[in-house]
Amino acid sequence: MVASTESPFKPDILKGKVALITGGASGIGFEISTQLGKHGASVAVMGRRKQVLQSAVSVLQSLSIPAVGFEGDVRKQEDAARVVDLTFKHFGRIDILVNAAAGNFLAAAEDLSPNGFRTVLDIDSVGTFTMCHEALKYLKKGAPGRNSSSGGLIINISATLHYGASWYQIHVSAAKAAVDSTTRNLALEWGTDYDIRVNGIAPGPIGETPGMSKLAPEEIGSRGRDEMPLYKLGEKWDIAMAALYLASDAGKYINGDTMVVDGGLWLSRPRYLPKEAVRQVSREVEKRSRNEPIGVPKSKL
Ligand code: HXC
């Protein structure tokens, strides 16, 4: 796949906006930080690892993006509160909160300890809610730095694992189901009361991310892809463009939705009959059904 680097959006669509991105120093989160910044936003990134944060901020600054990094763990409410306040102090307002921090590993349900299950829910689900909870006072309409008629935007990074069921991902499936539910409930309550839009993005498999290296390590390679006819690896850029769309005025009427960005992968079903066979068999069945009810042998009529 050819790497997409040119954005179809105008470079000033987020001019004057301030975005706080959790997990914003690596993987999908970092690409979202970069693209929001390239389109005019000032960017605060939150993460647990000091060095990763520092190098992300230097890259953003080298692109002339006003950027700052704050160390913190979304599992700790005091970290969430501190980072949200520091972001406000640094930039004077907060318009966009992106919850991209997440935790994952492959584990069969029977091998997963309750603490392993809880850890992922703590990061993904409770962490997302905690950040929203702490950022509300800056995102609502009339908040300091905002005008009285418009509220901000929250984007929660989700997944499609829980649309059905996923092998060895019971913890993440449960966590992301809670994230989607949180997205809809906040969209209802905070959309109504504070003019805040709350949406999600559910990425498919995205190349060169910590998630992919954990879920499809080289040792297991591409096994299983034959079962998924729509399997195509996406790029971090694809997810960042979806975030830009939601954050721009183009997305102003979208609230409570989780946008699936996976090339249709979650709809994949193995083809159980060749197309040619369908053409032949289908006509035959039609012909027969005109003469006798389908499924009832002639002898029984
Ligand atoms: C079974 C495991 C395990 C494994 C950890 N645990 N790894 N169980 N198999 N491979 C269990 C531990 O035994 C422990 O339970 C509990 O989980 C907590 O583990 P810790 O190592 O103490 O936790 P911590 O240091 O806080 O690390 C959290 C983490 C880690 C989630 C385990 O991987 C992490 O920090 N991840 C953040 C980065 C990340 O994962 N990025 C990828 C996101 S991708 P016990 O009972 O022993 O105490 C993504 C994509 C989702 O989210 C959608 C894909 C389509």
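An unreviewed UniProt entry annotates the protein as 2,4-dienoyl-CoA reductase [(3E)-enoyl-CoA-producing] originating from Medicago truncatula.

Colleague: Please explain the pairing of strand 2 (residues 42-47) as it appears in this structure.
Modeller: Successive side chains on a regular strand alternate, one facing one side of the sheet and the next facing the other. By the criterion of burial, strand 2 is predominantly enclosed, with 6 of the 6 residues buried. Going residue by residue along strand 2, you find Ser42, Ala44 and Met46 tucked away on one face and Val43, Val45 and Gly47 tucked away on the opposite face as well. Bridge count between strand 1 (residues 18-22) and strand 2: 5 bridges; the pairing is parallel. Looking at strand 2, one finds that Ile21 is bridged to Val45.

Colleague: Can you help me understand the site of the ligand in this one?
Modeller: Around the ligand, the structure places 19 residues, and the nearest of them are Arg48, Arg75, Ser113, Asn115 and Lys214. One of the side-chain nitrogen or oxygen atoms of Arg75 is found 2.8 Å away from an oxygen atom of the ligand. For the ligand, the accessible surface in isolation is 1100 Å², of which the surrounding protein chains cover 59%. Those elements giving two or more residues to the shell around the ligand turn out to be helix 4 (114-139) and helix 6 (210-215). Counting residues per element, the shell around the ligand draws most heavily on helix 4, which supplies 4 residues. Of the residues belonging to the shell around the ligand, the class tally is 9 nonpolar, 7 polar and 3 charged.

Colleague: Sorry, what's going on with unusual backbone geometry here?
Modeller: Trans peptide bonds make up most of the peptide bonds, and negative phi angles are found at most residues other than glycine. One non-glycine residue, Tyr168, adopts positive backbone phi at about 60°. Mapped onto the secondary structure, Tyr168 falls in the loop between strand 5 (153-157) and helix 5 (170-194). A positive phi angle, close to 60°, is found at Asp195, a residue other than glycine. Position of Asp195 among the secondary structure elements: in the loop between helix 5 and strand 6 (197-203). Accessibility expressed as a relative area gives 34% for Asp195, which makes it partly exposed.

Colleague: What is the right way to look at the side chain of Ser173 in this model?
Modeller: Looking at the secondary structure, you find Ser173 in helix 5. Taking relative accessible area as the criterion, Ser173 reaches 11% and is therefore assigned buried. Within polar-contact distance, the side chain of Ser173 engages the backbone oxygen of Gln169 at 2.8 Å. Setting aside anything within four residues of it in sequence, one finds Ser173 in contact with Leu161, His162 and Ser166.

Colleague: Can you walk me through the packing of aromatic side chains in this structure?
Modeller: Here the distance between the centres and the angle between the planes together describe a pair of aromatic rings. The tally for this structure, following the rule as stated, stands at 3 aromatic pairs. A ring pair is formed by Tyr163 and Trp266, whose centres lie 4.9 Å apart and whose planes are at 80°; its orientation type is edge-to-face. One end of the pair, Tyr163, is in the loop between strand 5 and helix 5; the other, Trp266, is in the loop between strand 7 (258-261) and helix 8 (275-291), with 103 residues separating them in the sequence. Judged by relative accessible area, which is 29%, Tyr163 ranks as partly exposed. Between the aromatic rings of Trp167 and Tyr168, the centroid separation amounts to 5.7 Å while the plane-to-plane angle is 50°, which identifies the pairing as tilted. With a relative accessible area of 71%, Trp167 lands in the exposed category.

Thresholds applied
Residues numbered from 1 in each chain as written. Predicted model: local features only at pLDDT ≥ 70, side-chain atom pairs only at ≥ 80, totals over all residues. Heavy atoms only, no water. Buried < 20%, exposed > 50% of the residue type's maximum accessible area, 1.4 Å probe, protein only. Helix = DSSP H or I, 4+ residues; strand = E, 2+ residues; numbered from the N terminus. Pairing = 2+ DSSP bridges. Near = heavy atom within 4 Å. Polar contact = N/O pair within 3.5 Å; in protein donor to acceptor, adjacent residues only side chain to side chain. Areas by Shrake-Rupley, 256 points an atom, 1.4 Å probe, with all protein chains shown as cover. Nonpolar A, V, L, I, M, F, W, Y, C, P; charged D, E, K, R; others polar. Contact = heavy atoms within 4.5 Å. Phe/Tyr/Trp six-rings, centres within 6.5 Å; stacked < 30°, edge-to-face > 60°.

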